[in-house]
Amino acid sequence: MKDETKCLHSGYHPKNSEPGVMPIVQSTTYRFDSTEDIAAVFDDPTKALIYSRFGNPTVMAVEEKISDLEGGVGAMCTTSGQAANLLAILNICKAGDHIVSSPEIYGGTINLFAITLKRLGIETSFTNEDMTDEEIEALIQPNTKAFFGETIANPALAVFDIERYAKIAHKHGLPLIVDNTFATPILCKPFEYGCDIVTHSTSKYMDGHALQTGGVIVDSGNFPWDNGKFPEMTEPDPSYHGISYTKQYGKAAYIIKARMQLMRDFGCYPSAHSAFLLNLGLETLAVRMKQYCENALKVAEYLKTCPYVEKVEYPGLPGDHYYDLAQKYLKDGASGVISIVVKGGKENAMTFMNHVKLACNEVHVADIRTCVLHPASETHRQLTDEQLVAAGIEPGMVRVSVGLENVDDIIADLDQAFSYIK
Ligand SMILES: *Cc1c(COP(=O)(O)O)cnc(C)c1O
């Protein structure tokens, strides 16, 4: 099946006279006929549902759909994108371990890696885009367990060279984890380029309607966890009567371990109702992504000609720093987010922001409605102008998340807001 079809039909297969739409199975528990039946599930929780802290039919239908879209062997939903990235790492890292990450990633993930994981004893080395392969390889230590990057970085809009990093990681027996939130599997399928694990914040385009936060981890099934570096995958797990995940579950070892062990212990599993809403977003994901890309490219072209704008960053725009990588990884479009720098800095950017009428001022992206955010006075407001520049955030920078309104209305709104700049 092609993506448009998977969006509608993957994950739920009703039988004769069953509901046509996946129902909300609003129950924490599942009934059994006997204690023996329950005991059998405790021996192998993949055999049946037992408790909604780590498995629920409505959520699992969505997991199957997302896994199908990415081309994976299985997926696990979480209550947020943050939780997805946290568990993706903790599934293979413990205190004393180390990861290598691109620095062009979501701010929340930088905090997670540089501050919180560090406090838990997991260190991160950040690459930079000027490094040679040899310089990147030099960051790898004996305790390194994974590489991490983001297909289209939020908010830098850098395109990650998945194939290059997958080659380096694999040469050293390490998996590559890619956060594919901004591209979604409609625009890029990282597994096709050698990535091993994909994560998402489903709060963005997948949900699409700004209704609920969520995340997901998808397993390609391709990484050889039995290469000697990942004993927690191969050695007996004392919390499951000595199960070896690779021996018992083969290609799905990583994602089944994440559910059986981490989700059981951390319990950040979404509710059936959230999954039901997420599924509504997924049903139209393919058609929405096409329209986001089409609208964003037109808005980016308009902004490029706008006299109040100093700089436009959109990887789909010819001449953009990441245009060549976008041509390789994002053939069908570069998603819906554009970064601009308003001439005249912070004051003019704020004048522009305060006069948009159709676009919403909100701390969100990938909404179905166009929204704008001014990092210098909002998410990064504690920094001085000099610190902002050092952090790669210019005082006049505005992040525009282009929605699905008619593109002429979006451009007219931005245009009238610019006209207030003196
Ligand atoms: C928003 C976002 C996250 C965090 O997701 P939440 O659902 O807000 O926890 C992670 N990665 C990327 C790329 C994001 O845009």
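Residues numbered from 1 in each chain as written. Predicted model: local features only at pLDDT ≥ 70, side-chain atom pairs only at ≥ 80, totals over all residues. Heavy atoms only, no water.

**Some points on unusual backbone geometry**
For step 1, the next point in the chain: For Ala 210, which is not a glycine, the phi torsion comes out positive at approximately 60°.
For step 2, the next point in the chain: Relative to the elements of secondary structure, Ala 210 occurs in the loop between β6 (197-201) and β7 (215-219).
For step 3, the next point in the chain: Classification of Ala 210 by relative accessible area gives partly exposed; the value is 37%.
For step 4, the next point in the chain: Its identity as a non-glycine residue notwithstanding, His 241 has a phi of 45°, on the positive side.
For step 5, the next point in the chain: Within the secondary structure, His 241 sits in the loop between α9 (231-234) and α10 (245-249). (Helix = DSSP H or I, 4+ residues; strand = E, 2+ residues; numbered from the N terminus. Buried < 20%, exposed > 50% of the residue type's maximum accessible area, 1.4 Å probe, protein only.)

**Overview of helix α17 (residues 407-418)**
For step 1, the next point in the chain: Its twelve residues give α17 an end-to-end C-alpha distance of 17 Å, which sits within 8% of 16 Å, the value for a rise of 1.5 Å per residue.
For step 2, the next point in the chain: Of the residues making up α17, those classed as buried are Val 407, Ile 410, Ile 411, Asp 413, Leu 414, Ala 417 and Phe 418. Summarising the axial view, the buried residues of α17 lie within an arc of 160°, below the 170-degree limit, and thus occupy one face.
For step 3, the next point in the chain: Of the surrounding secondary structure, the elements contacted by the buried residues of α17 are α13 (285-305), β8 (309-313), β9 (337-342) and α15 (345-355).
For step 4, the next point in the chain: If you check the start of α17, you find a side-chain oxygen 2.8 Å away from the backbone N of Asp 408, and it comes from Asn 406. (Expected span 1.5 Å × (residues − 1). Arc of directions from axis to C-beta. Contact = heavy atoms within 4.5 Å. Polar contact = N/O pair within 3.5 Å; in protein donor to acceptor, adjacent residues only side chain to side chain.)

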